[in-house]
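Here is how the chains run, residue by residue.
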Amino acid sequence: MTALIRAAVIVAGLAAWEVAARVGSPLLYVPPSAALPALRDLLLLRSYPDVLEHLWLTIGEILAAYGLAVAAGLGVGGALGLYRTLGRVYGPILAALYAVPAVVWYPSLMLFFGLDAASKVAFGFLLGFFPITLAVLAGIRQVNPQLVTVARAFGAGPLTVFAKVLVPGMLFTLVGGLRTGLALSVVGVIVGEILGSKAGMGALINHAYGLLRTADYVALVVVTLVVIVAADVGASLLERRARRWTG
Amino acid sequence: MTGPALIEVDGVRRRFQTASGPVHALDDVSLSVGDGEFCTIIGPSGCGKSTLLGMIGGLVMPDAGRILIAGKPVTGPDPRAVATVFQDPGLFPWRTVVENIAFGLELQGVDRRARRQAATALLGPLGLRDFAGKYPRELSGGMRQRVAIGRALAIESPIVLMDEPFGALDEQTRLLMGEWLLDIWRRTRTTVVFVTHSLHEALALSTRVIVMTARPGRIKSVLPLPQPHPRSMESPELVALRAKLWGEIREESLRAMDGMGGPEMAPHSPPSQAPRRRRGAARRDAP
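Note that this is a predicted model, so its numbers are computed, not measured. (Residues numbered from 1 in each chain as written. Chains lettered and ligands numbered in written order. Predicted model: local features only at pLDDT ≥ 70, side-chain atom pairs only at ≥ 80, totals over all residues.)

(A) The overall build of chain B, seen in detail. On a plain count of helices and strands, chain B comes out with nine helices and ten strands. Contacts in chain B between residues far apart in sequence, at least 24 positions, make up 70% of those at least 6 positions apart. (Helix = DSSP H or I, 4+ residues; strand = E, 2+ residues; numbered from the N terminus. Contact = placed C-beta atoms within 7 Å.)

(B) Up close: the confidence of the model for chain B. Residues and elements named next belong to chain B. When the pLDDT values of chain B are averaged, the result is 85; 89% of them are 70 or greater. Here helix H9 (residues 279-283) stands out as the least confident element of chain B, with mean pLDDT 44; helix H2 (residues 97-101) is the most confident, with 95. Scored as a whole, the predicted complex attains pTM 0.74, and scored at its interfaces, ipTM 0.81. (pLDDT = per-residue confidence, 0-100.)

(C) Structural context of the interface of chain A and chain B. At the junction of the two partners, chain A supplies 13 residues and chain B supplies 15 residues. When contributions to the side of chain A that touches chain B are tallied by element, the ones reaching two or more residues are helix H7 (145-153) and helix H8 (158-169) of chain A. Here the side of chain A that touches chain B gets six residues from one element, more than from any other, and that element is H7 of chain A. Taken together, the residues of the side of chain A that touches chain B break down into six nonpolar, six polar and one charged. (Nonpolar A, V, L, I, M, F, W, Y, C, P; charged D, E, K, R; others polar.)

(D) Region of interest: the packing of helix H6 (residues 117-142) of chain A against helix H9 (residues 171-195) of chain A. All names here are of chain A. The contact between H6 and H9 brings their axes to 7 Å, and the two run at 165°. Relative to H9, the element H6 lies roughly antiparallel. Between H6 and H9 the crossing geometry is right-handed. Its residues placed into classes, the contact of H6 with H9 shows 16 nonpolar, 13 polar and two charged. (Axes fitted to C-alpha atoms, helices over the stretch in contact; angles between N-to-C directions. Parallel < 35°, antiparallel > 145°, perpendicular 65-115°, else oblique. Left-handed = near helix turned anticlockwise from the far one by under 90°.)

(E) Spotlight on the nonpolar core. Core analysis: the largest hydrophobic core is formed by 138 residues, its most contacted members being Ile 56 and Val 193 of chain B. Ranked by residues supplied to this core, first place goes to H6 of chain A with 15 residues. Every residue in contact with Val 193 of chain B, bar those within four places of it in the chain, is listed here: Ile 7, Val 33, Cys 39, Ile 41, Leu 53, Ile 56 and Leu 161 of chain B. (Core = buried A, V, L, I, M, F, W, Y, C linked by C-beta atoms within 7 Å. Buried ≥ 20, exposed ≤ 12 C-beta atoms within 10 Å, placed from the backbone.)

(F) Structural context of the domain arrangement of chain A. Residues and elements named next belong to chain A. Annotation of chain A at the domain level lists domain 1 (1-30) and domain 2 (34-246). The gap between the C-alpha centroids of domain 1 and domain 2 is 33 Å. Taken residue by residue, the interface counts four residues in domain 1 and six residues in domain 2. In the side of domain 1 that touches domain 2, the residues fall into four nonpolar, no polar and no charged. (Domains from an automatic or database assignment.)

(G) Fine view of the pairing of strand E1 (residues 5-18) of chain B. All names here are of chain B. Here ten bridges tie E1 to strand E2 (residues 21-34), and the two strands are oriented antiparallel to one another. Among the inter-strand pairings, Phe 16 is bridged to a residue of E2, identified as Val 23. In this structure, the hairpin formed by E1 and E2 is closed by a connection of two residues. Two strands pair when backbone bridges link them, and E1 and strand E4 (residues 64-69) are joined in this way by five bridges, in the antiparallel orientation. The residue bridging Glu 8 from the neighbouring strand is Leu 68, located in E4. (Pairing = 2+ DSSP bridges.)

(H) Quick look at the domain arrangement of chain B. Residues and elements named next belong to chain B. When cut into domains, chain B gives domain 1 (5-81 + 157-282) and domain 2 (90-156). Domain 1 and domain 2 are separated by 27 Å when their C-alpha centres are compared. Between domain 1 and domain 2, the residue contacts involve ten residues of the former and ten residues of the latter. For the side of domain 1 that touches domain 2, the element with the highest residue contribution is helix H6 (residues 171-188), accounting for three residues. Along the lines of polarity and charge, the residues of the side of domain 1 that touches domain 2 split into eight nonpolar, two polar and no charged.

(I) Quick look at the sheet that holds strand E7 (residues 159-163) of chain B. All names here are of chain B. Reading across from one edge, E6-E7-E8-E3-E9-E10 is the order of the six strands in this open sheet, with mixed pairing throughout. A single partner strand is all that each edge strand has here, and the edge strands are strand E6 (82-85) and strand E10 (219-224). Across this sheet, the average inter-strand angle for adjacent strands is 15°, counted without regard to direction. Judged from the four bridges that link them, strand E3 (residues 38-42) and strand E9 (residues 208-212) form a sheet pairing that is parallel. Considered in E9, the bridge of Ile 42 is made with Val 211.

Printed below as a string of structure tokens:
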């Protein structure tokens with residue numbers, strides 16, 4: 001019954017979209033009757049035969065940007081959390097920088113790193129880095145300092161304290177930050193590609209859009225969305241597992 | 001009962017910076033603890049007992065003086081020499097009872113099976129046989145503290161430091177835990193340095209009681225207790241010792257309260273001569 005209703009809602013939505021697009025301009029408001037064939041053409045590699053290469057490039061950029069953001073976020077957040085003075089000095093600066101709309105940095109990133117993948121990775125890294133760092137910083141402050149004292153008394157050095165006490169102690173906050181960081185790294189890479197690049201899903205989107213191939217444009221956006229949603233679903237599964245683990 | 005000196009504290013001093021200025025926690029403290037002793041340190045709040053224990057454990061460094069364990073100077077925490085039990089048991093909430101007990105062994109690189117085996121073997125004496133897989137939040141306060149003691153015993157270090165381990169427990173649990181600890185100590189003959197506020201604990205458990213003065217902490221007196229365990233608190237000998245110990249501690253506690261701007265109960269104390277320090281800052285025992 002629920003499935004039926006849900007299907008009916010989707011069909012009704014598509015129908016409304018179709019009507020609205022036809023009443024307006026079918027070129028600007030692409031109706032499903034045009035978008036679905038375009039999606040099929042895209043998936044069958046007819047409209048953009050090299051779409052898979054672009055897709056892999058984008059996924060590769062996302063993985064690189066996110067991997068760097070996680071490593072740097074854990075390192076910087078861990079250092080600021082472990083060394084209180086450092087945290088007091090740099091914590092507020094980080095929080096202030098996080099509040100700046102990150103797009104303002106993109107032109108200079110393009111100047112530094114060029115039009116290729118590096119500037120996209122840098123931008124995705126920049127966006128993902130802040131939420132992860134701030135989550136680590138906040139998470140470390142939540143950990144009962146007594147646990148750190150106990151671990152030190154049993155001979156734990158800074159790295160062991162981080163791995164065996166701080167990470168499990170802040171897992172809740174950390175996983176939330178890691179998930180936000182992933183979403184923002186994805187946004188950074190794709191926005192970077194749209195703002196200026198020669199390859200990647202963003203570049204294709206820009207290309208289709210610029211040539212007013214709006215049906216192809218919609219199809220490319222749908223494929224990109226699937227990638228983003230898949231990444232988020234993966235992250236949320238990890239988050240649920242982490243929650244069960246910490247109880 | 002008392003062997004050669006295992007712990008040697010020699011002319012130790014320590015100050016802390018607080019919001020209201022420097023606090024002189026310890027001033028020229030020297031003592032030695034023999035192998036197999038159960039040495040209790042008692043004194044008013046904030047007299048630096050915990051600081052002294054922290055120094056023996058290598059968690060706090062002295063400003064002056066030195067501490068030797070088996071002849072070697074303490075430069076940092078060394079779990080092969082010293083295990084510590086804190087007032088806040090500090091159990092890891094994401095670890096089960098057995099995993100908590102095995103924590104120290106894990107840090108020493110003992111493999112998973114061996115450390116589980118060692119931790120499980122301790123469950124019986126700890127009275128936690130049916131709680132191996134439970135998490136700390138499922139345990140009572142007394143049980144949590146037994147897990148913390150188990151974690152300290154598991155690494156089999158020659159010295160166990162206990163910083164008011166039963167301080168947060170109710171009176172009945174406290175008495176039972178004292179009996180239990182005594183039983184464990186008599187079996188293992190580990191050297192114990194035990195910080196407490198409780199006269200009863202000091203008299204029932206120790207082979208020697210060290211009374212500290214109000215801040216800055218110095219050693220006021222040392223009371224050897226050669227009486228065999230278990231002791232009856234009602235015996236005339238112990239009643240007399242209790243009165244003597246209370247006399248000394250009472251004096252220091254009054255001074256400590258006075259120094260903190262607390263109620264002025266001592267008849268000889270001049271009415272608030274010194275400018276009063278900010279309460280919260282002055283009352284802190286140790287960082």
